[in-house]
Amino acid sequence: MPPSAMTKPNHKSETPSLQVLRTEALQAWSTATTPEQQEQVKNHYLGRKGVLAAQMKELPGIGAEERATVGSALNALKHELTTLMSTATQTSKRLVDMTVPQYPLQYGTVHPVSQIIEEMTQIFKELSFEVVDGPEIVTDDENFESLNLGPDHPARDSHDSFFITDNLLLRTQTTAIQVGEMRRRFAKGEMPIRIVMPGKTYRRESDQTHSPMFHQIDAVMVDTQTTFADLKGALTYFVQRLFGDQVETRFRPHHFPFTEPSAEIDIRWMGEATGRGKHTGWLEFGGCGMIHPEVLKRAGINPKVYQGWAFGMGIERPLMIRHHIPDLRLLYGNSLHFLDQFPQP
Amino acid sequence: MNVSLAWLRDFVDSSTKGPELGERFRMTSSEMERYVDWSEKLAGLIIGKVQKCAAHPNADRLKVTEVSIGHGTRTIVCGAPNVAVGQYVVVALPGTALHPVDGEPFTIKEAAIRGVTSQGMLCALEEIGVPVPSDGIFVLDEPVEPGMTAAQALFENDVVLDLEITPNRPDLLSHTGLAREVSAFERRRLTEPSIAMLESRRSHSVQLDVRVVSHKECLRYSAVALELPALKASPWWMQSRLLRCGVRPINAVVDVTNYVMLELGQPLHAFDMERVKGNKLALGVRSALPKEEVTLLDGGVRHLAPGDLLIVDGADRPIALAGIMGGASSGVTDETTSIVLESATFAGSMIRKTSRRLGLRTEASHRFEKGLDPELTVRALKRAIFLLEQIAGAKVVSRIADSCIHGAQRPRIHVSFDRIHQLLGVRITAADSKQILLKLGFQLPTFTKSGFEAIPPSWRRDILIAEDVIEELIRIWGYERLPSTLPTGAVKAPQPNPQVEYRTNVRHTLAAAGLHETIHQPFCSVQALQRLHVAADDAVALPNPLSAETAFLSPTHVQGMLTDLGTVNAEHEELGLFEIGHIFTPPHHEHEHLTILIRTSQTAEHAVRIIKSLLSRVAQVVNVPEPTFKKGEGLPYAESSHTLDIFVADQLIGKLTLVSAEVVAAHKIRRGREIVVAELDFQKLTKQLSDNKFYQPLPTYPISVRDLTIQLPAQLPHATLEAAASKAVDQKLVRSWHITDIFLGKPLPPDTKAVTLRLTYNAADRTLTDAEIKAHHDALEQALRNLTV
C-alpha cells in the first residue's frame, strides 16, 4: 500500500498554492525509495529551513482574515506530512524478517503410561471412584491367599512371581491391594466403596508383548446392592469414554478365583469406525466379576449384607493400540525420540 | 484342548458348524483360540482303489498302477514299496495342492516319469500334512467308495476346535464334558459312551489287589487286569481321532488309554502285568521315602522327596510316579500280552507340587492337578475294556479292584430367585433355571417358586456356594442378555487422594518446565550397581531373577537414567529427566522417590541452579515451604563433598548431588557430562503439605526496582553472600530480592566475579523516597562489598 493512500485529505479551504505544494510533496515522497532520499524529502518540506517553515514565516505578512485560513491549512498540511513521513521513515528503518524459523521446542513430556493412567482414573472419578495406591512388595496372602489363590492353586501358573523372601513378593497384580483396602475402609465405616487402583505389577516374563514390569488398573465397588448389570454398565461407560462410542463390548465367561460369577471383557471397533487407535476383530480387554463372598469375608465385610464387583486390566495393551506402538519394550526404553512423540495434551 | 466335532457328535446330536460352535463355546465357557477344518486342509484329495499294479518298464523301483477313482481310472506311477492291488489309497490328481509336513507346498501336475505318463500321485500321510512317518503310501484299513474325499474317509470331514479350558474346569478336558456343554446351550439330548458290561459274580484267573496308604492323597485307586493277543496297532479310526487331537498313536493299548482320557477326561496308565507281578499282583499308592529314586518312561532318573506320590508293586518297589509318568521298568512293550490298567483320582495339590518341583508336566498331570471326579475311575476302566475287547481282542482276567473313600458328601446349595436377581440385576425364570441346571448334571431335590436346592454333579468339585450356581446359570443363559446399568445408591462424595493429586501436579509441572518423564524397569544387574559404585549389599537381590539384568531391584532411579544418557539419549547434551516411582532398599523396603536429573555441557553450577529452581517450583505446587539446603553426606555415585541435604520445614526429604566424573565415565557419557541429581522421598515431601493458600494484600504504594552489582572474590560461596544479604536487607523497605546474574571473566580481574542483585523496593505504608532507597542501597553495598572467602 503506498503511504499516500493511508492519509485521507481534508483540505476544504486550502489555497491553490498550498494544494500545489501538497501534490508536489506527496509525489516527491512517493518517489523517494531509499531511507536517504526519504530523509532528504522530509528535510526539504519539514526541516527547520524547509518549505513549510518558510511558508510559516510569511504568515505574519498576510491579512488577518486570510491569515487564519492559510494558517490552519498550513498547519493541517504540516500535520499530514509529519505523520506520513515520520511513520514511513520508522517502518522503512526497522528491518524485521517475519519469515524467521521457530525456536526448537524445548518442552518436556509426561510418559505415555502416566498419561493413560491419568485418563483412566479420570473416567472412574467421573463415576465417583477414589484413586488408591499401595506397596509393590506385598505378602503372599495379599497377592494370592486372600484372593482364593491357595499355595497349590493351578491359576498361580499364570503368575510367575519374583519372590523376595518366602512370604514377600513383587505384586503380580494390582488386585493385591484389594482386600486390605476394603478392610480398612469398611472398618472406618467408609461405605459404599468405589475405588480405582492403578500401578506397577511384576511377573517373570519378557518378550515383545510381556515385560517383567508392567502396569495394571483395578476397580472395585462394594455396596448393599450393586449388580453384575452395574458392572457391565460401568465398564461399558469406561470403554466408550476411553476409545469412543464406536467401540462395542462383549462379556464372556471366564474363571478368576476371586470373583464369582466371572467374565472377560472384549472390545471391538464397529464397522469402519476410526476410533482412537484401531484393532481388527475382538480384543481381550480385561477381567471382571462379582467379588467372591470369601474375599469379602476376609475384608471383614458380611457378604449377606454387602456385595460388590471388581475389574482389572493391563494398561500397556490399550496404550499400544491407541498409538500403534509395535513393541512393549519401547515404552520402558525412555528414548527421547519415543517420548517426544507423545506430547501431553 | 483340541476338540473333534465328529467325536463330540458321538455324544450330542448337534448340526452346528465348527466355527459357530466355537463361538458358542466362547460365549458360554471356553475361549476358542483357533480351529482346523480338515476338509480345507485335505481339499482336492480323494480315495482311489488300486486295480492293477505292474512293474515300470524303465525303472526297477517304480510301479505303474491303475487306480479307480469312482468316475474312471487313472494311470499313476508310484515309487512306494508297499503299493499293491486292492488297496484303498489317497490320490492327488493333477491340480491338487499338497501341504507336506516338511518342505514347501506344491501342486501336482500330469508328468511323464521315465516314459510313462503319471496322472497324479499316491500319497503318504506326511505328504498330506499329517505328521505320521512311514516308508510307504497310506493304505486305509477298510474299504470305502472310490472317489470319496480323503477328508471324509480319513478324518470324518472333521473340524477341530482348540479351546482354552480354565483351570476350574478339568471336566471340559474331555469330549463327553464338552458334549454336555453343547447339550446345555443347545438344549439337546446327551448320549453316554458305550462301556463294558462285566459279570459281577464271575471268577477270575488273576487275583489283583490295590491298597492306598492315605486317601487324602489318593481319593480313589482302581485297576483291572487284561490279557490280549500280540500287541498291534489300533485301527485307523482311533489313530485318526488321536491325531486330530494332537496325540501320537503308539499301539492299541496306549492308544486306548489316550482315547479314553480324551473322551472322559480320566488319565489311564497301562502296566505290563508280567513286569509288575512279583510274588503277588498288588498295586499300592504311597508317599516317597527320603532319597528314594525312580526311573521313568522318558529314561530320566528322578530324585524324590517325601510327599511325592508313588505307585508301587507287591514288593513295594516304585513302578510309576503317580499321576505324572510311568516307570521305565513297568511299561507296555511289543512283547506285552497281559496288562494292568490303572485309573485313579489323586489329590490335585500333591500332583501339582511334585510336577512343579521336578519340572515334569504331562497330559496326565495337567488333568490330575486340577482335581478330577472320583466317580470317573471305574467308568473309564469299563470304557477302556470295551474298546480293548473291540479293537485288540482283549479279555478281562481280574475283577476291578477299587479302593476309595465313601460318603464324600456333595453340597446341597440353596439358591433363591431373589438372590439371583440381587446379584445379577436380572430375573432368570424358574423354567430356564431348571432346564439349564439339569442339562449341566445338577440334581434339584427341591424346587419352589422362591428358589431351589441344587446338588452339583460329581465332576464339578468347584461348585460350593450359591454364587457358583448362579455363574452356571448366567453363563448358559447369556451375559449378552444382561442389561447395562450404572451403579446407584447412597451419596458418598469421593475424597481426593492427595498423594495421587500431587504426583500428577508435579509430573505436569516438571514436564511444562521442559523435563521428560521416564519410567524404567526397576531392575538392574550387578554390573549396573558397580557402575554406580553401589555395593551389592545395598540393593535387594532377587532369589529367582529372570536374567542377570533382573538380579537386583534398583535402589535409585539414577541407575536407569544414567544408562540412557550413555546410550539411547546420548546425543541430548542439555537434558532434564524426572521419574516418580518406587525404589527398593534391603532387606525389602520400598520408597516412592521423585528423582530429577539435569544434564548440561555448561557448568555444574548451571545445572544446580536449574534443579534448585525446579525444587522451589515443586514445593510451590505441592504447597510446602521453600526447600533449604545443608551440606550432606555423599552418595556412592556423587562427587565427594558435593552433596546437599534437602530440607522442607526442617525435615530431611532428599539429596541433591553432583554425579562423580568416574560414574559419568563408567556410563560412557561423553558429552553433557555435568549431571546433577535431586532425589526426594515423595511420601515425606507430601507429608508436609498443607491445603492452606491464603490471600496476601497486594502492594498499594509504588514499586521501584533497583539493581546492585558488586565485585566479589570468585571463590566466595554464594551461601555467604546470601546470608549477608539476607541480614542486610531491610524487609520493611524491600518486598523481595534475588540474584539475576553471576559473571566471571573479562573485563573483570581474574579471581573475581560480578554478582547482580535485583531489589524490589516497596513499603506497606508509604511511598518510599529516592533518598530512602539510595540510603538502603548504599548500606547494602557497604555490607556486601568487603565479603571475603
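What counts, and where the lines are drawn
- Residues numbered from 1 in each chain as written.
- Chains lettered and ligands numbered in written order.
- Predicted model: local features only at pLDDT ≥ 70, side-chain atom pairs only at ≥ 80, totals over all residues.
- Heavy atoms only, no water.
- Helix = DSSP H or I, 4+ residues; strand = E, 2+ residues; numbered from the N terminus.
- Rg over C-alpha atoms; globule rule 2.2 N^0.38 Å.
- Buried < 20%, exposed > 50% of the residue type's maximum accessible area, 1.4 Å probe, protein only.
- Contact = heavy atoms within 4.5 Å.
- Areas by Shrake-Rupley, 256 points an atom, 1.4 Å probe, with all protein chains shown as cover.
- Lys, Arg positive; Asp, Glu negative; His and termini not counted.
- Charge placed at Lys NZ, Arg CZ, Asp CG, Glu CD.
- Phe/Tyr/Trp six-rings, centres within 6.5 Å; stacked < 30°, edge-to-face > 60°.
- Axes fitted to C-alpha atoms, helices over the stretch in contact; angles between N-to-C directions.
- Parallel < 35°, antiparallel > 145°, perpendicular 65-115°, else oblique.
- Left-handed = near helix turned anticlockwise from the far one by under 90°.
- Pairing = 2+ DSSP bridges.
- Disulfide = S-S within 2.5 Å.
- Expected span 1.5 Å × (residues − 1).
- Buried area = accessible area lost by both parts, 1.4 Å probe.
- Salt bridge = Lys/Arg side-chain N within 4 Å of Asp/Glu carboxyl O.
- Polar contact = N/O pair within 3.5 Å; in protein donor to acceptor, adjacent residues only side chain to side chain.
- Nonpolar A, V, L, I, M, F, W, Y, C, P; charged D, E, K, R; others polar.
- pLDDT = per-residue confidence, 0-100.
- 1 Å grid on protein atoms, 1.4 Å probe; cavity = no way out; pocket = protein on both sides within 12 Å on 5 of 7 lines; lining within 4 Å.
- Points joined across faces, edges and corners; volume = space filled by probe spheres on them.

A.B. asks: Now, about the overall build of chain B: what can you tell me, with residues and values included?
C.D. replies: The number of helices and strands found in chain B is 22 helices and 40 strands. For 789 residues, the compact-globule formula gives about 28 Å, and the C-alpha radius of gyration of chain B, at 41 Å, lies well above that figure. Along the first, second and third principal axes, the C-alpha atoms of chain B reach 125 × 80 × 60 Å. Across the 789 residues that make up chain B, the buried fraction comes to 53%.

A.B. asks: Summarise the overall build of chain A; cite the residues concerned and give the values.
C.D. replies: When you go through chain A residue by residue, the secondary structure sums to 11 helices and 9 strands. The globule rule puts the C-alpha radius of gyration for 345 residues at 20 Å, and the 39 Å found for chain A is more than 25% above it. If one aligns the C-alpha atoms of chain A with their principal axes, the spans along those axes are about 120 × 45 × 40 Å. Within chain A, the proportion of its 345 residues that are buried is 54%. The contacts of chain A with a sequence gap of at least 6 include a subset with a gap of at least 24, amounting to 67%. As presented, chain A carries roughly 16,000 Å² of accessible surface, and 53% of it is formed by carbon and sulfur atoms. Taking the average place of the 35 positive charges on the side chains of chain A and the average place of its 41 negative ones, the gap between the two points comes to 8 Å.

A.B. asks: Help me get a handle on the packing of aromatic side chains, residues and values and all.
C.D. replies: Residues and elements named next belong to chain A. Enumeration over the complete set of coordinates arrives at 24 aromatic pairs over all chains. Each ring, one from Phe129 and one from Trp309, has its centre 6.0 Å from the other, and the planes form 40°; the classification is tilted. Residue Phe129 is located in the loop between α5 (112-126) and β1 (130-131), and its partner Trp309 is located in strand β9 (residues 307-314); the two are separated by 180 residues in the primary sequence. Like Phe129, the residue Trp309 is buried in the burial classification.

A.B. asks: Explain the packing of α5(A) against helix α8 (residues 228-243) of chain A to me, using residue names and the numbers behind them.
C.D. replies: Helices that pack against each other are described as a pair by the angle of their axes relative to one another and the distance between those axes. Residue and element names in this part refer to chain A. At a minimum axis distance of 10 Å, the contact between α5 and α8 shows a crossing angle of 135°. In terms of axis orientation, α5 runs oblique to α8. Seen along the crossing, α5 lies across α8 with a hand that is right-handed. Two secondary-structure elements touch here, α5 through Glu119, Met120, Ile123, Phe124 and Glu126 and α8 through Leu235, Tyr237, Phe238, Arg241 and Leu242.

A.B. asks: I'd like a rundown of the sheet that holds strand β38 (residues 704-713) of chain B, residues and numbers included.
C.D. replies: All names here are of chain B. Read from one edge of the open sheet, 3 strands run β38-β40-β39, paired in antiparallel fashion. Across the chains shown, the open sheet's two edge strands, defined by having one partner strand only, are β38 and β39 (734-744). Averaged over all adjacent pairs, the angle separating strand axes in this sheet is 20°, with direction ignored. Here β38 pairs with strand β40 (residues 752-761) via 10 bridges, running antiparallel. Directly across from Val705, in β40, lies its bridge partner Thr760.

A.B. asks: Could you give me a rundown of the state of the cysteines, with the residues and numbers involved?
C.D. replies: Covalent bonding between the sulfur atoms of two cysteines is what defines a disulfide. All names here are of chain B. All told, the structure shown has 0 disulfides over all chains when counted by the stated rule. Counting only cysteine sulfurs, Cys78 is the nearest neighbor of Cys53, a cysteine outside any disulfide, at a range of 7.5 Å. By relative accessible area, Cys53 is classed as partly exposed at 26%.

A.B. asks: Hey, could you go over helix α11 (residues 376-392) of chain B for me, with residue numbers and the actual values?
C.D. replies: Residues and elements named next belong to chain B. Taking 1.5 Å of rise per residue, the 17 residues of α11 would be expected to cover 24 Å, and the 23 Å separating its terminal C-alpha atoms lies within 8% of that figure. Summarising burial for α11: 12 of the 17 residues are buried, a large majority. Listed in full, the buried residues belonging to α11 are Leu376, Thr377, Val378, Ala380, Leu381, Arg383, Ala384, Ile385, Leu387, Leu388, Ile391 and Ala392.

A.B. asks: Run through the sheet that holds strand β6 (residues 88-92) of chain B, naming residues and quoting values.
C.D. replies: Pairing in this open sheet of 5 strands is antiparallel, and the strands run β5-β4-β3-β6-β11 (chain B) from one edge to the other. Edge strands, defined here as strands with exactly one partner in the open sheet, are β5 (73-78) and β11 (121-122) of chain B.

A.B. asks: Any details on the interface of chain A and chain B? Residues and values, ideally.
C.D. replies: Contacts between the two partners involve 89 residues from chain A and, on the opposite side, 88 residues from chain B. On the chain A side of the contact with chain B, Asp152(A), Pro253(A) and Leu336(A) bury the most area, a combined 9% of that side's loss. The interface formed by chain A and chain B contains 6 salt bridges. Of the charged contacts, one joins Arg507(B) and Glu118(A) as a salt bridge, the two residues approaching to 3.0 Å between their closest N and O atoms. Scanning the region where chain A abuts chain B turns up 40 residue pairs in polar contact (both at pLDDT 80 or more). Per element, the largest residue contribution to the side of chain A that touches chain B is 8 residues, and it comes from α8(A). Across the side of chain A that touches chain B, the residue classes tally to 38 nonpolar, 28 polar and 23 charged.

A.B. asks: Explain the confidence of the model for chain A to me, and be specific about the residues and the numbers.
C.D. replies: For chain A, per-residue confidence averages 86 on the pLDDT scale, and 90% of positions sit at 70 or higher. Ignoring residues within four places in sequence, the model shows residues 1-14 of chain A, a span with pLDDT below 50, making 14 contacts including any to other chains.

A.B. asks: Now, about the pattern of salt bridges: what can you tell me, with residues and values included?
C.D. replies: All chains considered together, the criterion is met by 61 salt bridges over all chains. For Glu294(A), the salt bridge identified is with Lys297(A), shortest N-O distance 3.1 Å. Of this pair, Glu294(A) and Lys297(A) are both found in helix α9 (residues 293-298), 3 residues apart, which corresponds to roughly one turn of the helix. The partner of Arg169(B) in a salt bridge is Glu181(B), with the nearest N and O atoms 2.9 Å apart.

A.B. asks: An account of the environment of Ile315(A) is requested, with residue identities and associated values reported.
C.D. replies: Residue and element names in this part refer to chain A. Mapped onto the secondary structure, Ile315 falls in the loop between β9 and α10 (316-323). On the basis of relative accessible area, Ile315 is assigned to the buried category, the value being 0%. Along the primary structure Ile315 and His215 are separated by 100 residues, whereas in three dimensions their C-alpha atoms are 5.5 Å apart.

A.B. asks: Describe empty space enclosed by the protein, listing the residues and the values that go with them.
C.D. replies: Residues and elements named next belong to chain B. In this structure the tally under the stated criterion is 6 cavities of 30 Å³ or more. Considering the residues around the largest cavity, the lining is formed by 14 residues, among which Asp171, Ser174, Leu264, Leu376 and Trp459 are closest to the centre. For the lining of the largest cavity, the secondary-structure elements that each account for two or more residues are α5 (175-185) and α11. The leading source of residues in the lining of the largest cavity is α5, at 3 residues. Its residues placed into classes, the lining of the largest cavity shows 5 nonpolar, 5 polar and 4 charged. When residues in the lining of the second largest cavity are grouped by element, the largest group, 3 residues, is from helix α14 (residues 466-477).

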